[in-house]
Amino acid sequence: PRLLPAARAVDPLVALVAAARRLDPQAASILVVGGERFSLVRLDAAGAYEGVRSNTSCAAGTGSFLDQQARRLGLAGSRELAAAAIANTGEPPRISTRCAVFARTDLVHAQQEGYSLEEICDGLCAGLARNVADTVLAGEPPRPPVLFAGGVAANEAVRRHLERAFGVPVRAHPLAAAMGAIGAGLD
């Protein structure tokens, strides 16, 4: 903002809530999983901000984590990983996503045990969903409907696993990746 006189700083959380209120006024909770962070924003009955729980500064369980693991598996990126996960018809291996080092070890073991690429990708998506749920829920399920925002919302496998972990419907908006920018424009 100091370089551009007309620019102003926008709080990303305020922008996210503004976008959610405009794009999905019925949303009672907003789950945002981006490239580096994830959070669950709770809204009150009127759609006003009530509270937020977020991950630590570690990027495990985020979009950049999925990109990193996709490259380890020889895939172009997280989109290809998501497509492989959705194609899975088998039982995915349990893969720890709390730490990239543990995930790498689990990936190697899964490959050695003969799991298919699709099963491993689905295991990564399930692990990410477990990590997000364990971090943001703290024993209290989100109030539905849950709006899924951020770039990871495009990953249908993660969305499905989040629904199972949360025990409530989780819906991704078509503009999920741009919600922060949309909210900044509305603010």
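Summarised in this report is the structure supplied together with it. Sequence positions are assigned chain by chain, starting from 1 and proceeding in written order. Given that this is a predicted model, residues contribute local features only at a pLDDT of at least 70 and side-chain atom pairs are listed and counted only at 80 or more, while totals for whole chains, interfaces and linings are drawn from all residues. As a rule here, side-chain values come from all non-hydrogen atoms in the structure, and water together with hydrogens is ignored.

## Here's the deal with helix H5 (residues 117-137)
Threshold: By the criteria applied, helices consist of DSSP H or I runs no shorter than four residues and strands consist of E runs no shorter than two, each listed in order from the N terminus. Under the convention used throughout, the expected extent of a helix is 1.5 Å for every residue step, that is, one less than its residue count. Three labels apply to residues, based on accessible area from a 1.4 Å probe with only protein chains included: buried if under 20% of the type maximum, exposed if over 50%, partly exposed otherwise in between.
Between its terminal C-alpha atoms H5 stretches 30 Å, which fits the 30 Å expected from 21 residues at 1.5 Å a residue. Summarising burial for H5: 17 of the 21 residues are buried, a large majority. Alanine 138 occupies a position one or two residues after H5 and carries a positive phi of about 50°.

## Some details on the packing of H5 against helix H6 (residues 156-166)
Stated formally: Lines are fitted to the C-alpha atoms to define the axes, a helix being fitted only along its stretch in contact, and any angle between axes, read from their N-to-C directions, falls within 0 to 180 degrees. If an angle is under 35 degrees, it is roughly parallel; if it is over 145, roughly antiparallel; if it lies from 65 to 115, roughly perpendicular; otherwise it is oblique. Crossings are assigned a handedness: left-handed for a near helix turned anticlockwise from the far helix by less than a right angle, right-handed for a clockwise turn. Residue contacts follow a heavy-atom distance rule, with two residues in contact if any of their heavy atoms lie within 4.5 Å. Residues were grouped as follows: Ala, Val, Leu, Ile, Met, Phe, Trp, Tyr, Cys and Pro as nonpolar; Asp, Glu, Lys and Arg as charged; and all remaining residues, including Gly, as polar.
Taken N-terminus to C-terminus, the directions of H5 and H6 make an angle of 45°; their axes are 8 Å apart at the nearest point. Relative to H6, the element H5 lies oblique. For the crossing formed where H5 meets H6, the hand is right-handed. Residues Asp122, Cys125, Ala126, Leu128, Ala129, Val132, Ala133, Val136 and Leu137 of H5 touch H6, and the partners they reach there are Ala157, Val158, His161, Leu162, Ala165 and Phe166. Tallied by class, residues from the contact of H5 with H6 come to 13 nonpolar, one polar and one charged.

## A closer look at unusual backbone geometry
Each neighbour pair has its own omega, and for proline 144 with proline 145 the value is 0°, a cis peptide bond. In this structure, proline 145 sits in the loop between H5 and strand S4 (146-149). Of note, the phi angle at alanine 138 is positive, near 50°, even though the residue is not glycine. Note that alanine 138 resides in the loop between H5 and S4.

## Section: the nonpolar core
Most often, soluble globular proteins keep nonpolar side chains buried together rather than apart. Formally: Think of a nonpolar core as a cluster: buried Ala, Val, Leu, Ile, Met, Phe, Trp, Tyr and Cys residues, connected wherever their side-chain atoms sit within 4.5 Å.
Ranked by internal contacts, the top residues of the largest apolar core, which has 37 residues, are Leu31, Leu81, Phe148, Leu162 and Phe166. It is H5 that provides the largest number of residues to this core, a total of 10 residues. If sequence neighbours within four positions are ignored, phenylalanine 148 has contacts with Leu31, Val33, Ala153, Val158, Arg159, Leu162, Val170, Arg171, Ala172, His173 and Ala176. By size, the runner-up hydrophobic cluster in this structure holds 12 residues, among which are Leu16, Val17, Val32 and Ala149.

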